[in-house]
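Results of the structural survey
Read off the chains here:
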There are 2 protein chains.
Amino acid sequence: MSDTTQPCGLDDIDTPFLAIDLAVMDRNIERLAGRLRGTGVQLRPHAKSHKCVEIAQRQIDSGAIGLTVATIGEAEVFADAGFTDLFIAYPLWLTPQKADRIRKVTARAQLRVGVDSIAGARQLAEYLADLPITVVIEVDSGHHRTGVDPAEAGDVAAAARAAGLNVVGVFTFPGHGYTPGHRAEVAAQESHALGAAAESLRAQGIEPSVISGGSTPTVDAADNTVLTEVRPGVYPFNDAQQFELEVCTLDDIALSAVTTVVHTRDRTAVVDAGSKILGADRPGWATGFGRVISEPDARIVALSEHHATIEFPGAAPDAGTRLRIAPNHLCNAVNLVDTLVVDASGGPRRWAVAARGANT
Amino acid sequence: MSDTTQPCGLDDIDTPFLAIDLAVMDRNIERLAGRLRGTGVQLRPHAKSHKCVEIAQRQIDSGAIGLTVATIGEAEVFADAGFTDLFIAYPLWLTPQKADRIRKVTARAQLRVGVDSIAGARQLAEYLADLPITVVIEVDSGHHRTGVDPAEAGDVAAAARAAGLNVVGVFTFPGHGYTPGHRAEVAAQESHALGAAAESLRAQGIEPSVISGGSTPTVDAADNTVLTEVRPGVYPFNDAQQFELEVCTLDDIALSAVTTVVHTRDRTAVVDAGSKILGADRPGWATGFGRVISEPDARIVALSEHHATIEFPGAAPDAGTRLRIAPNHLCNAVNLVDTLVVDASGGPRRWAVAARGANT
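Predicted, not measured: the structure shown is a model, and the values here were computed from it.

1. Observations concerning the packing of helix H6 (residues 153-162) of chain A against helix H7 (residues 183-202) of chain A
Residue and element names in this part refer to chain A.
- In contact at an axis separation of 7 Å, H6 and H7 are set at 45° when each is read in the N-to-C sense. Considering the angle they form, H6 stands oblique to H7. Crossing hand, H6 versus H7: right-handed. For the pair H6 and H7, contact is made by Ala-153, Gly-154 and Ala-157 and by Ala-197, Ser-200 and Leu-201, respectively.
- Along the lines of polarity and charge, the residues of the contact of H6 with H7 split into 4 nonpolar, 2 polar and no charged.

2. Side note on the interface of chain B and chain A
- Taken together, the contact pairs 59 residues of chain B with 63 residues of chain A.
- Taken together, both faces of the contact between chain B and chain A bury some 4,800 Å²; the carbon and sulfur share is 46%.
- Put simply, chain B and chain A have 12 salt bridges between them.
- Along the contact surface separating chain B from chain A lie 28 residue pairs in polar contact (both at pLDDT 80 or more).
- Taken together, the elements giving at least two residues each to the side of chain B that touches chain A come down to strand E4 (85-91), helix H4 (96-106), strand E10 (255-265), strand E11 (268-271), helix H9 (275-278) and helix H10 (330-334) of chain B.
- Taken together, the residues of the side of chain B that touches chain A break down into 17 nonpolar, 23 polar and 19 charged.

3. Details of the packing of aromatic side chains
All names here are of chain A.
- Under the counting rule described, the total for this entry stands at 4 aromatic pairs over all chains.
- Aromatic pair Phe-78 and Phe-83: ring centres 5.7 Å apart, planes at 75°, arrangement edge-to-face. With respect to burial, Phe-78 and Phe-83 carry one shared label: buried.
- Sitting over the ring of Phe-87, Arg-112 keeps its end group 4.7 Å from the ring centre.

4. Regarding the state of the cysteines
Residues and elements named next belong to chain A.
- Under the definition given, this model contains 0 disulfides over all chains.
- Here Cys-331 is not disulfide-linked; the sulfur of Cys-248 is the nearest cysteine sulfur, at 13 Å.
- A relative accessible area of 0% places Cys-331 in the buried class.

5. Things to note about the domain arrangement of chain A
Residue and element names in this part refer to chain A.
- As far as domains go, chain A holds domain 1 (39-235) and domain 2 (241-352).
- Summarising the inter-unit geometry, the C-alpha centres of domain 1 and domain 2 are found 32 Å apart.
- With 16 residues of domain 1 at the interface, the matching set in domain 2 holds 13 residues.
- Summing both sides of the interface, domain 1 and domain 2 together bury roughly 1,300 Å²; the carbon and sulfur share of this comes to 67%.
- Three residues stand out in domain 1 for area buried against domain 2, namely Tyr-178, Pro-180 and Val-234, and they jointly supply 33% of the buried area on that side.
- Run the count over domain 1 and domain 2 and you get 0 salt bridges.
- Where domain 1 touches domain 2, the interface holds 4 residue pairs in polar contact (both at pLDDT 80 or more).
- Among the elements that take part in the side of domain 1 that touches domain 2, helix H2 (residues 53-61) stands out by supplying 3 residues, more than any other.

6. Some thoughts on the nonpolar core
- Core analysis: the largest hydrophobic core is formed by 100 residues, its most contacted members being Leu-86, Ile-137, Phe-237 and Leu-340 of chain B.
- Of all the elements, helix H1 (residues 22-36) of chain B adds the most residues to this core, at 6 residues.
- Taken together, domain 1 (39-235) and domain 2 (241-352) of chain B each give at least three residues to this core, which thus spans both.
- With sequence-adjacent residues up to four places away left out, Leu-340 of chain B is seen in contact with Leu-18, Ile-20, Ile-55, Phe-237, Leu-255, Val-334, Arg-349, Arg-350, Trp-351 and Val-353 of chain B.
- Counting residues in hydrophobic clusters, the runner-up holds 99 residues, among them Leu-131, Ile-211, Val-337 and Ala-358 of chain A.

7. Focus on the pairing of strand E14 (residues 308-311) of chain A
All names here are of chain A.
- Two elements, strand E11 (residues 268-271) and E14, share 4 bridges in a ladder whose sense is antiparallel. Of the residues in E14, the one forming a bridge with Thr-268 is Glu-311.
- Bridging between strand E13 (residues 299-303) and E14 involves 4 bridges; their strand directions are antiparallel. Along E14, the bridge assignment pairs Ile-300 with Ile-310.

Conventions we followed
Residues numbered from 1 in each chain as written. Chains lettered and ligands numbered in written order. Predicted model: local features only at pLDDT ≥ 70, side-chain atom pairs only at ≥ 80, totals over all residues. Heavy atoms only, no water. Axes fitted to C-alpha atoms, helices over the stretch in contact; angles between N-to-C directions. Helix = DSSP H or I, 4+ residues; strand = E, 2+ residues; numbered from the N terminus. Parallel < 35°, antiparallel > 145°, perpendicular 65-115°, else oblique. Left-handed = near helix turned anticlockwise from the far one by under 90°. Contact = heavy atoms within 4.5 Å. Nonpolar A, V, L, I, M, F, W, Y, C, P; charged D, E, K, R; others polar. Buried area = accessible area lost by both parts, 1.4 Å probe. Salt bridge = Lys/Arg side-chain N within 4 Å of Asp/Glu carboxyl O. Polar contact = N/O pair within 3.5 Å; in protein donor to acceptor, adjacent residues only side chain to side chain. Phe/Tyr/Trp six-rings, centres within 6.5 Å; stacked < 30°, edge-to-face > 60°. Buried < 20%, exposed > 50% of the residue type's maximum accessible area, 1.4 Å probe, protein only. Lys NZ or Arg CZ within 6 Å of the ring centre and 35° of its normal. Disulfide = S-S within 2.5 Å. Domains from an automatic or database assignment. Core = buried A, V, L, I, M, F, W, Y, C linked by side-chain atoms within 4.5 Å. Pairing = 2+ DSSP bridges.

Here you go:
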């Protein structure tokens, strides 16, 4: 088995655990930041992928203008940690408690929130119109999750403005780009939808300063003449999905579960990592439940909570062998651990997954 | 994280969260305990499903002889909490650190561990033969994960005994019973494999006192003339998988994610619970990513990290509506939260998921 020898220090940590290759992560962060520099498109990475203050700081240091988060709870964590420009890219439905929590976040950070209905806009205004929050209208660019039709964005924007909110633009999440062979097509749909939504706002007399899209699979193909901002999340790490979508090579994967083989028979091995550290994600097009980084021809054919069953092209490695596995979807894997082990020169250290479990 | 005023009811707790209906859970616990009483089959529930001291105590109080756990970390949590009879049902591959952790557990609890290879048995003996640990041999009853062929169990047992270990029996996990329409067939395979493995031990002069099997889908069909012990995990709660396997009714589901509708269009609603609270599990035969408990005809057709997209047979509920969703696989859902909200008379309280994240 090549590539399974661990640098000094990691061997003393009981498996399974999630490890970051810091050099690869820093290269990934800088690569995207470098590609965006000078294009006029700003980078606002999604912090839900790493939930980690140290990684967010590296993104800001590389030129990101702020962070995207998914929940009020994530906004609280990153505002507490000193990040001052946050976007909750979610159509919140407020309660008095949630409104109170947002109010406290705005004491520490400039906050932007998403809205995708007139009812949601009015509710937001009722609770929080006195705050210096900015609002962007979510549009559906083909993923068919949340968001309004681009042509309706102006109506929602006008209603939000009439209710007293400061509408600054539009956003979308092109999640249907997570399909092999469709990234460029989806990026074109994203740009088209955002352009139409921007026009819909202008027809209501609102000039959008924020036209925000982007995901890791589509960010390279996004139309820089339309978008003002991108929000990829996975790019610092990459994962098995990104590899199988041809977004990255195996060498670009910075995060893996370090596992130990506990059972071997012929060409099959079972390791001590299952869905409780890799996550259970498996899109229909994936070749397995993650990828063994050193063995591109191996397939993870079954996953239990504490077992991954791996079929190898030849003899499987012996019990006791350590293998690194890239999760299919790292955002869910990271959310399963309290700390990430950082494999860096000088020996391993740990970073807290500060926003782990911040679902509300 | 702001944890402001003491909530007076479930409605005051921000969604999403996991809630237990205590009356239903207690009924589920008592129902299985009652069915086993007088059969000679002992109950050793798997604590990986709930990871919760309060629930484990209720299982012991109902007559369980001890607990099953999946990892040394879970054994540490439950030994610390005062549980004195623990079975790590996993073919451990020890390191000096892991052996030291087991040694400390045995100072507080009687410990049984699984072995499924001669190499594993010798390694266990090398580290821990001086301890009063008991050993059971894992056999494969058709799930094809870990475990040896039943006919080979005697060879492993003899090698373990020769190495100085105290071999007391055999165990299996009939995980292939998680398939619609195959529960009785799989239970028969389980009983047959365990019976054959017991014979294989007897042929080596080892009379097994422990013949352990059982999972929630198969426990009712297990052959009580063969098995001495069952280890179901999910039965206190049930989940969408158990409902679709026809193990339980919707009324028997004691654990759900309480969610809020954030977006509605026609027959489709999106709620604020995704894979970060429900888990991403979806077996090929499942009808969706969980079930809406109050709407048996609704289907969860898509799941993101913080969104579940639900198609209803008629008009979808308005934004702001709360819905309870049974996860497909509660073991992974419970592992995503720090606390379970207990819906009981006198108002909600919280139980810690004490062994959350205890993967090593």
